[in-house]
Amino acid sequence: MLLMKPGCENCDTDLPADQPGALICSFECTWCAECAATLNDTCPNCGGALVARPTRSAALLESFPATVERTHNPR
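Quick caveat: nothing in here was measured; it's all calculated off a predicted structure.

(A) Quick look at the sheet that holds strand β1 (residues 22-24). Strand order in the open sheet made by the 3 strands is β2-β1-β3, with antiparallel pairing throughout. Looking at the sheet topology across the chains shown, the edges are occupied by β2 (30-32) and β3 (51-52).

Following this line, the structure appears as structure tokens:
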């Protein structure tokens with residue numbers, strides 16, 4: 001199950017798990033679309049490709065909530 005981090009690691013923009021707009025790498029580093037574009041869709045942490053994170057339905061979020069722990073490492 002994906003960790004579903006709540007914000008962009010660079011700018012800390014909120015990225016709700018039930019809405020599109022987040023991009024992740026295979027290590028689940030999480031970026032907003034704007035920051036990912038400045039990174040050429042490449043994760044600066046691992047060098048992996050940043051791809052669209054799938055959304056989680058509201059019904060599933062009740063049973064499987066997104067994490068509230070934020071990772072914020074401005075570049």
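(B) Structural detail: the side chain of K5. Mapping K5 onto the fold places it in the segment before β1. Take K5: its relative accessible area is 12%, and that puts it in the buried class. Setting aside anything within four residues of it in sequence, one finds K5 in contact with L15, E28, C29, T30, R53, T67 and T71.

(C) Structural detail: the nonpolar core. If you look at the biggest cluster of nonpolar residues, it comprises 13 residues, and the most contacted ones within it are C8, W31, C43 and L50. Contributing elements (two or more residues each) for this core: β1, β2 and α1 (33-38). When sequence neighbours within four positions are dropped, the list of residues in contact with C43 reads C25, C29, W31, G48 and L50.

(D) Highlighting the pattern of salt bridges. Inspection of the entire model under this criterion finds 3 salt bridges. The residue D12 makes a salt bridge to R70 at a minimum N-O spacing of 2.9 Å. Taken together, the positions of D12 in the segment before β1 and R70 in the segment after α2 (58-63) put the pair 58 residues apart, joining distant regions of the chain. Between R70 and D14 there is a salt bridge; the shortest N-O distance is 2.7 Å. Here R70 is found in the segment after α2, whereas its partner D14 is found in the segment before β1, with 56 residues between them in sequence. Residue D14 is classed as exposed on the basis of its relative accessible area, which comes to 54%. Among the charged side chains, a network of salt bridges with common partners joins D12, D14 and R70.

Rules behind the numbers
- Residues numbered from 1 in each chain as written.
- Predicted model: local features only at pLDDT ≥ 70, side-chain atom pairs only at ≥ 80, totals over all residues.
- Heavy atoms only, no water.
- Pairing = 2+ DSSP bridges.
- Helix = DSSP H or I, 4+ residues; strand = E, 2+ residues; numbered from the N terminus.
- Buried < 20%, exposed > 50% of the residue type's maximum accessible area, 1.4 Å probe, protein only.
- Contact = heavy atoms within 4.5 Å.
- Core = buried A, V, L, I, M, F, W, Y, C linked by side-chain atoms within 4.5 Å.
- Salt bridge = Lys/Arg side-chain N within 4 Å of Asp/Glu carboxyl O.

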